[in-house]
2 protein chains.
Amino acid sequence: MERIKPRTLSGFMELLPGKQIQMERIMGVLKDTYSRYGFAPLDTPAIEDAQILLAKGGGETEKQIYRFQKGDSDLALRFDLTVPLAKYVALHYNDLAFPFRRYQISKVYRGERAQRGRFREFYQADIDIIGDGKLDILNEAEIPAIIYQVFRGFGLTRFQIRVNNRKILGGFYHMLGLSEKSGDIMRTVDKLDKIGKEKVGEILREDCGLTQEETAQILEFMAISGTNDQVLSALSGYRGRNEMFDQGLDELEAVTRNLAAFGVPQENFGVDLTIARGLDYYTGTVYETTLLDHPEIGSVCSGGRYDNLAGYYIDKALPGVGISIGLTRLFYVLDEQGLLNDKLPTAPADALVLPMTADPAPAIALAQSLREEGLRVQLYGEQKKFKQKMTYADKLGVPFVVLLGEDELAQGKCSVKNMTTGEQVTVTASEAAQLMKTTLDTREPLILEK
Amino acid sequence: MERIKPRTLSGFMELLPGKQIQMERIMGVLKDTYSRYGFAPLDTPAIEDAQILLAKGGGETEKQIYRFQKGDSDLALRFDLTVPLAKYVALHYNDLAFPFRRYQISKVYRGERAQRGRFREFYQADIDIIGDGKLDILNEAEIPAIIYQVFRGFGLTRFQIRVNNRKILGGFYHMLGLSEKSGDIMRTVDKLDKIGKEKVGEILREDCGLTQEETAQILEFMAISGTNDQVLSALSGYRGRNEMFDQGLDELEAVTRNLAAFGVPQENFGVDLTIARGLDYYTGTVYETTLLDHPEIGSVCSGGRYDNLAGYYIDKALPGVGISIGLTRLFYVLDEQGLLNDKLPTAPADALVLPMTADPAPAIALAQSLREEGLRVQLYGEQKKFKQKMTYADKLGVPFVVLLGEDELAQGKCSVKNMTTGEQVTVTASEAAQLMKTTLDTREPLILEK
């Protein structure tokens, strides 16, 4: 037979079973947390009408999108989960209760140039709250509070959710009479972390054409730091000069106050005036999230408040607030850095049951009773030598092997071998289940800090 | 602003939140059950190299596949989960432990002609066990035993897993000297349920060119029925005339015996000689599953044993056994027939917390404490009139509304309103959690029998 060499396309993540189990655990934390906050799961098609996906247009998107014909239809794969959400809300407007809260963890597609750590198919994990006409500021604190719970669910403590408000930035640039240049300025200031103050100042003067004085004022403003109270207090000094600024500061104060009410500790969130977010549809609060021991990863979770979700599709004011985790890239980076905790078992089963009797029926029944105790159990049915069976157990990485031979059967017991310690005990099925469950119930974090 | 009319492509399922929650529950049963049997979750790319997906070729597939260019690449969307599994196993052969057990619940794509109840994007929920060289017959009983657990997990009892073995059919046709016509005969006999004995006999004689005698023998064989023991005993009468037949009967006997050991009741599985499965890669045991009160739905879960999973990609004998549920179609049909149980709440939250105080902090804390008790809780933060808040709760369909006003706050309590009964009580937060959890903990089936 002529064979075709199997391969997976570059830029497409395909995990081995152990890694996939680690990924599923992370997704599990996301789903559980989002659900606990009353977000509805959403699942939209991966393929949409190309006209609809490209309603907004825009250079990079058009270049990267997977677009194709089928019959007469002009189709495309979604490149994010926001445009499909906008379409969904516009299409089902009359059937939804607003505020509409949804989460979606789905793959999106971008035909980027292949590059290490860049994916063409990747998961985004998004939550959004969409209001009809209005949306209370409380939601802008709840979103980062949920993200805090997610990261705690991963087992992390050393992370910070950074919050800013674009009205503060917009208002500030207006005070300086620099509104028209604010886009360029924000993009430049966004690089402070990466290229430093000197270089940013240089670009502001030379490329953006600001005066020495303007540049100094901007850098001074961006240097405001300290505790949240200190930052808010410093910002108060600018009050009364611009309406938009004052409104932004009111919002930022409300978000900060409510974040504390949501139980997010001071050390896990901070006002950071340098955050602007590139996307121009954010209009108020914006977020970024960084792992404090891994600043090189950049923001692992970003989002913000927008005023007009679905203007391309429906004549309704639909303000919202949302946040997105680039899950595939995050997983890739964590794995690269060895931060996925390998102490948590990555085998597809907690126990491998080895029948050692001619009739498999007692082993089948034993496996079933262990499953009813909540364990993940694989029955090994192959006719192999004992050593080969143990080699299989090793390769699979199962934490436990359960042996059922004539001796055990006669005693109404089974033998449980702990594959980590090598310890073996002969106990009843229900003792075996208890023993395994106790050992497996670790409080290990999914993700390590360093 | 010029607007584009939002729409979802025809043949693509997009559910409203309540329905999506019902779908997630069904997927949850599938994932939990598959995991409990030690199957590894697998997630392969939706896009593959078109050459790889089409290695086997074949008319319908080529016509239906979504195939497109991106740069120089000839790409296609997967049309099932078996071909990607074959590629995966061939590609990662050295990293996998065999038998390799995986489940995958993913979307597949077929550009079929649009038709009511036909989908172009649909979920398949597959499990497969792949051996390296050999695979024990025990696995052929375990697969339907797992499917039994899945359907019980849905809350169903009135279903039957029908089992046959293609070696029995092949051996039987060989006895009659009809091996060459066996493909045509099997396809015809497969229609017995739909078109009846008379019509099948007619086609066998007129289109397949069988004699009156041959036709009678086939119809007599296919009419073998009764309890599993009766069918197996009747089949024994044909023993000794064909080796393949005898081997098939040995296998069928083993599967039947082991299915009982796996705890599958007699009434939920039955030997059915009319089942052949269209796909020509099945070589032994084959399965179909029917809902006894809804025969018109046809088989909701089918599969079987195959000898050569990945011959197009690798020079290894990789026999396997698997089964597939066409989840999107199943969900669609169940919904159409009103069989999705609406007694289970379909709201995204168990409780909606309404802050009735100026400061939302106490309500935020209350919502958080209810979440820690395992409840799904939405905090309602909008500034609206009480009546509008209750209208929202109604539209959302939440089972409970929790009110926290100054009175309750002064007492250290909250008011819980059961939205189904209208009953309202004022209790502590922890009493509220208990009350709600007890009410929500129903043993309602996900799917109704009729």
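These figures come from a predicted structure and were not determined experimentally.

### Looking at the relation of the copies chain B and chain A
Here the two chain copies are tied together by a rotation about an axis and a shift along that axis. With an RMSD of 0.0 Å, the operation that places chain B on chain A is a rotation of 180° combined with a shift of 0.0 Å along the axis. Within this description, the copies of the chain are treated as partners about a two-fold rotation axis. Residue F68 of chain B of chain B places its C-alpha closer to the rotation axis than any other residue of that unit, at 3.0 Å. A shared interface surface links the copies, since 100% of the contact residues of chain B are contact residues in chain A too.

### Thoughts on the side chain of E408 of chain B
Residues and elements named next belong to chain B. Along the chain, E408 turns up in helix α15 (residues 406-411). Summary of buried charges: E408 has no salt-bridge partner, and the nearest side chain of opposite charge, K413, is 11 Å away. Sequence-distant contacts of E408, defined by excluding residues within four places in its chain, comprise L403, K413, C414, S415 and T426.

### Quick look at the confidence of the model for chain A
Per-residue confidence for chain A gives a mean pLDDT of 94; residues scoring 70 or more make up 99%. For this predicted complex, the interface score ipTM comes out at 0.95, alongside a pTM of 0.96.

### A few points about the packing of aromatic side chains
Residue and element names in this part refer to chain A. In total, this model carries 37 aromatic pairs over all chains according to the counting rule given. Aromatic pair Y66 and Y109: ring centres 6.5 Å apart, planes at 85°, arrangement edge-to-face. Residue Y66 is located in the loop between α3 (59-64) and β3 (67-70), and its partner Y109 is located in strand β5 (residues 100-109); the two are separated by 43 residues in the primary sequence. Across this residue pair, the class does not change: Y66 and Y109 are buried. Considering the side-chain rings of Y148 and F159, the 5.9 Å spacing of their centres and the 45° angle between planes classify their relative orientation as tilted. Taken together, the residues span a long stretch of sequence, with Y148 in helix α5 (residues 138-153) and F159 in strand β7 (residues 159-165) at a distance of 11 residues.

### A look at unusual backbone geometry
Outside of glycine, negative phi angles account for most residues, and trans bonds account for most peptide bonds. Cis peptide bonds are those with omega within 30 degrees of zero, and the linkage from F98 of chain A to P99 of chain A qualifies with 0°. Mapped onto the elements, P99 of chain A comes out in the loop between α4 (82-91) and β5.

### Brief notes about the pattern of salt bridges
Counted by the stated rule, this structure contains 51 salt bridges over all chains. For D128 of chain A, the salt bridge identified is with R102 of chain A, shortest N-O distance 3.0 Å. One end of the pair, D128 of chain A, is in strand β6 (residues 121-130); the other, R102 of chain A, is in strand β5, with 26 residues separating them in the sequence. We note that D128 of chain A, like R102 of chain A, is buried. D315 of chain A is paired through a salt bridge with R3 of chain B; the nearest N and O atoms lie 3.8 Å apart.

### Structural notes on helix α11 (residues 243-261) of chain B
Residue and element names in this part refer to chain B. Taking 1.5 Å as the rise per residue, α11 with 19 residues should run 27 Å; its terminal C-alpha atoms sit 27 Å apart, in good agreement. Where α11 is concerned, the buried positions are F245, D246, G248, L249, E251, L252, A254, V255, T256, N258 and L259. N-capping of α11 is provided by N242, with a side-chain oxygen placed 2.9 Å from the backbone N of M244. Looking at the residues trailing α11, positive phi occurs at G263, about 85°.

### Side note on the sheet that holds strand β7 (residues 159-165) of chain B
In a beta sheet, neighbouring strands are held together by backbone hydrogen bonds and run either parallel or antiparallel to one another. Residue and element names in this part refer to chain B. Spatial ordering of the open sheet is given by β1-β5-β6-β11-β10-β9-β7-β8, a layout of 8 strands whose pairing is mixed. A strand with exactly one partner marks an edge of an open sheet, and here the two such strands are β1 (40-41) and β8 (269-271). In this sheet, strand β5 (residues 100-109) lies alongside β1 in parallel orientation, the contact comprising 2 bridges. Bridged to P41 within β5 is Y103.

### Things to note about the environment of G183 of chain A
All names here are of chain A. Mapped onto the elements of the fold, G183 is located in helix α7 (residues 182-189). Look at G183 and you get partly exposed, because its relative accessible area is 29%. Each C-alpha atom, one on G183 and one on P319, is 22 Å from the other, the two residues being 136 residues apart in sequence.

### Observations concerning the interface of chain B and chain A
Taken together, the contact between chain B and chain A spans 98 residues of the former and 98 residues of the latter. Around 8300 Å² of area is buried between chain B and chain A when both sides are counted, 59% of it from carbon and sulfur atoms. Broken down residue by residue, the surface that chain B buries against chain A is led by E14, R36 and D43 of chain B, which jointly contribute 8%. At the junction of chain B and chain A, the tally comes to 10 salt bridges. Summed over the shared surface of chain B and chain A, the number is 48 residue pairs in polar contact (both at pLDDT 80 or more). Per-element accounting of the side of chain B that touches chain A gives the leading share, 7 residues, to helix α1 (residues 17-36) of chain B. Tallied by class, residues from the side of chain B that touches chain A come to 54 nonpolar, 18 polar and 26 charged.

### Some details on the sheet that holds strand β2 (residues 47-49) of chain B
Residue and element names in this part refer to chain B. The 3 strands are arranged β2-β4-β3 in an open sheet whose pairing can be described as antiparallel. For this open sheet the edge positions go to β2 and β3 (67-70), each flanked by a neighbour on one side alone. In this sheet, neighbouring strand axes are inclined to one another by 40° on average, regardless of whether the strands run parallel or antiparallel. Pairing between β3 and strand β4 (residues 73-77): 4 bridges, direction antiparallel. In the strand pairing of β4, R67 is matched with A76.

Cut-offs and rules
Residues numbered from 1 in each chain as written. Chains lettered and ligands numbered in written order. Predicted model: local features only at pLDDT ≥ 70, side-chain atom pairs only at ≥ 80, totals over all residues. Heavy atoms only, no water. Least-squares fit on C-alpha atoms with pLDDT ≥ 70 in both. Contact = heavy atoms within 4.5 Å. Helix = DSSP H or I, 4+ residues; strand = E, 2+ residues; numbered from the N terminus. Buried < 20%, exposed > 50% of the residue type's maximum accessible area, 1.4 Å probe, protein only. Lys, Arg positive; Asp, Glu negative; His and termini not counted. Salt bridge = Lys/Arg side-chain N within 4 Å of Asp/Glu carboxyl O. pLDDT = per-residue confidence, 0-100. Phe/Tyr/Trp six-rings, centres within 6.5 Å; stacked < 30°, edge-to-face > 60°. Expected span 1.5 Å × (residues − 1). Polar contact = N/O pair within 3.5 Å; in protein donor to acceptor, adjacent residues only side chain to side chain. Pairing = 2+ DSSP bridges. Buried area = accessible area lost by both parts, 1.4 Å probe. Nonpolar A, V, L, I, M, F, W, Y, C, P; charged D, E, K, R; others polar. Axes fitted to C-alpha atoms, helices over the stretch in contact; angles between N-to-C directions.

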